[in-house]
Amino acid sequence: MNIYQPYLMKIDEIIDETIDTRTLKLSFKSEDVAKQFDFKAGQFGEYSVFGAGECTFCIASSPTRKGYIECSFKSVGKVTKAMRELNVGDTMGFRGPYGNSFPLDKMYGKSLVFIAGGIGLAPVRCVIWNALDLRDKFKDVTIIYGARSVGDLVYKRELEDWANRKDVKLWQTVDPGGETKDWKGEVGFVPTIVEKAKPAAKDCYAVVCGPPIMIKFTLPVLEKLGFGPDQIYTTLENRMKCGIGKCGRCNCGPVYVCKDGPVFTAQELRALPNDF
Ligand SMILES: Cc1cc2nc3c(=O)[nH]c(=O)nc-3n(C[C@H](O)[C@H](O)[C@H](O)COP(=O)(O)OP(=O)(O)OC[C@H]3O[C@@H](n4cnc5c(N)ncnc54)[C@H](O)[C@@H]3O)c2cc1C
Ligand code: FES
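Residues numbered from 1 in each chain as written. Chains lettered and ligands numbered in written order. Predicted model: local features only at pLDDT ≥ 70, side-chain atom pairs only at ≥ 80, totals over all residues. Heavy atoms only, no water.

Description of the overall build of the protein chain
Note the following rule: The secondary structure listing takes helices from DSSP runs of H or I that are at least 4 residues long and strands from runs of E that are at least 2 residues long, numbered from the N terminus. When we talk radius of gyration, it's over C-alpha atoms, and the globule rule is simply 2.2 Å times the number of residues to the 0.38. Classification of residues uses two cut-offs on accessible area relative to the type maximum, computed with a 1.4 Å probe and protein chains only: under 20% is buried, over 50% is exposed, and between them is partly exposed. Contact definition: two residues touch when any of their heavy atoms are within 4.5 Å. In these tables, accessible area is a Shrake-Rupley quantity obtained with a 1.4 Å probe, and a residue counts as shielded only by the protein chains included in the view.
A tally of regular secondary structure across the protein chain gives 8 helices and 15 strands. What you see for the protein chain is a C-alpha radius of gyration of 18 Å, in line with the 19 Å of a compact globule of 276 residues. Counting only C-alpha atoms, the protein chain reaches 50 × 45 × 35 Å along its principal axes. Residue burial in the protein chain is summarised as follows: out of 276 residues, 53% are buried. Counting only contacts in the protein chain whose residues sit at least 6 apart along the sequence, the fraction spanning at least 24 positions is 69%. Element-wise, carbon and sulfur atoms account for 51% of the exposed surface of the protein chain, whose accessible area totals about 13,000 Å².

Let's talk about the sheet that holds strand β1 (residues 7-16)
For clarity, the threshold we go by: Whether two strands pair comes down to DSSP finding at least two bridges between them. For helices, the axis comes from a line fit to the C-alpha atoms of the stretch in contact; other axes are also lines fit to C-alpha atoms, and the angle between any two N-to-C directions lies between 0 and 180 degrees.
If you trace the 6 strands from one edge of the open sheet to the other, you get β4-β3-β6-β1-β2-β5, paired in antiparallel fashion. Each edge of the open sheet carries a strand with a single partner, namely β4 (53-58) and β5 (69-74). When the angles between neighbouring strand axes are averaged without regard to direction, this sheet yields 40 degrees. Strand direction decides the pairing type here: strand β2 (residues 21-28) and β5, joined by 6 bridges, are antiparallel. Looking across to β5, one finds that Lys25 is bridged to Glu70.

Notes on the state of the cysteines
Going by this rule: Throughout, a disulfide means two cysteine sulfur atoms within 2.5 Å of one another.
Under the defined criterion, the tally for this structure stands at 0 disulfides. For the unlinked cysteine Cys209, the closest cysteine sulfur is that of Cys58, found at 7.5 Å. Free cysteine Cys252: the closest other cysteine sulfur is in Cys250, separated by 8.1 Å. Here Cys252 falls in the buried class, since its relative accessible area comes to 4%.

As for the side chain of Glu70
Turning to its location among the elements, Glu70 is positioned in strand β5. Since its relative accessible area comes to 8%, Glu70 is described here as buried. When neighbours within four sequence positions are excluded, Glu70 is seen to be in contact with Thr23, Leu24, Lys25, Tyr47, Cys58, Ile59, Ala60, Ser61 and Arg125.

A word on the pairing of strand β11 (residues 204-209)
Both faces of the sheet carry side chains from a regular strand, because those side chains alternate between them. Test applied: For crossovers, right-handed means that the path from the first strand over the helix to the second runs clockwise, given strands pointing away from the viewer.
For β11, the tally of buried residues reaches 6 of 6 residues, placing the bulk of the element in the interior. Residues Cys204, Ala206 and Val208 line one face of β11 and the alternating positions Tyr205, Val207 and Cys209 line the opposite face, and both faces are buried. With 6 bridges connecting them, strand β7 (residues 111-117) and β11 associate as parallel partners. In the sheet register, Val113 faces β11, and the bridge partner there is Ala206. Where β11 meets strand β12 (residues 232-235), 3 bridges bridge the pair, whose relative direction is parallel. Following the sheet pairing, Val207 is matched in β12 by Tyr233. For the segment spanning β11, helix α6 (residues 212-224) and β12, crossover handedness is right-handed.

Structural notes on the site of ligand 1
Just so we agree on the cut-off: For each residue, the test is whether any non-hydrogen atom lies within 4 Å of the molecule or strand; if one does, the residue is near. Side-chain atoms alone can form a polar contact between residues adjacent in sequence; in general such a contact is a pair of N or O atoms within 3.5 Å, and within protein one must be able to donate a hydrogen while the other accepts it. Any residue that is not Ala, Val, Leu, Ile, Met, Phe, Trp, Tyr, Cys, Pro, Asp, Glu, Lys or Arg is counted as polar, Gly included; the first ten are nonpolar and the last four charged.
With respect to spatial proximity, 19 residues lie near ligand 1, and among them Thr56, Ser72, Thr80, Glu237 and Arg239 are the closest. Here a nitrogen atom of ligand 1 sits 3.1 Å away from a polar atom, N or O, in the main chain of Cys58. Between Arg239 and ligand 1, the recorded distance is 2.5 Å, taken from a side-chain N or O atom to an oxygen atom. In isolation ligand 1 offers 890 Å² of accessible surface; the protein chains occlude 71% of this area. If you list the elements that add at least two residues to the shell around ligand 1, you get β4, β5 and α2 (78-84). Classifying every residue of the shell around ligand 1 gives 10 nonpolar, 5 polar and 4 charged.

What to know about the nonpolar core
Test applied: As used in this record, nonpolar core signifies buried Ala, Val, Leu, Ile, Met, Phe, Trp, Tyr and Cys residues forming a set joined through side-chain atoms within 4.5 Å. Residue ranges assigned to each domain were obtained from an automatic or database domain assignment.
Ranked by internal contacts, the top residues of the largest apolar core, which has 61 residues, are Tyr47, Ile69, Met83, Phe114, Leu121 and Trp162. Looking at which element gives the most residues to this core, the answer is helix α3 (residues 121-133), with 9 residues. In this structure, this core is formed jointly by two domains, domain 1 (7-98) and domain 2 (104-235), each of which donates at least three residues. Ranked by size, the runner-up nonpolar core spans 19 residues in total, among them Ala201, Cys204, Ala206 and Leu219.

Set out below in structure tokens:
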């Protein structure tokens, strides 16, 4: 089989998260593929619109929810604009799953703190649902999520769900000026809210994803709270083409982000040439 040949996927549902961010729920057209398809939290795929091209998104749904995958995307260019033209029932392509994953089994018995900004919640949402579907295996679960404004918060229905759970501590924040009259969450940048939430570093892993500036200022806060660089995981979004280590588009020095990543610890990032 040609390694670049995508699976055919049917769009089952389209959810508008914000004015420019959309989630697609996709099912495999082939029942055989649907039965054998599996992936791990943190992996990504190449999604294609026929005649427009391919682009890279994480798989935003949880591997514990079988039979479909979801991706959430912002329209920024050629392929993502073509994706916005698609409707429920249309066909698109998917190659994957590719890359490494968050080592959830290594985190069993520990507390988890998820920190995300903007559409960076997409890869983190996958791990959150995966962990919540195995809730007994973890101690405290804390989620800290921020966006520029209330209108920019993605996955509002799940934020509501997590807010209502007694076994999850959820902190939601928007940047100063981004609040509405009835906003009940925090106002402030994500690193400031991490400082306020003070997650305990002992026996805890942090999963951080968002704009580079958010990650840059969040890492020192976590370190101040006592998190070692091997307790902090993030996922990189270097531009990719093949997704399978063949084209060299995604390299950071000797590291292929598509094959060796996209998930790295803060310790591993420090060893990369263009580290945070
Ligand atoms: C592992 C991985 C996971 C990703 N997950 C998601 C996701 O879940 N949701 C999502 O919305 N996006 C995600 N991205 C980014 C996404 O791949 C790009 O936004 C998309 O490929 C743009 O395709 P396009 O054809 O519409 O844009 P193009 O026409 O190719 O480009 C439009 C503009 O976006 C810039 N651009 C394109 N790709 C990137 C990139 N990787 N980093 C920075 N700038 C870029 C271009 O330089 C250009 O300025 C991910 C990227 C990677 C590598
Ligand atoms: S995307 Fe081609 S080598 Fe990584």
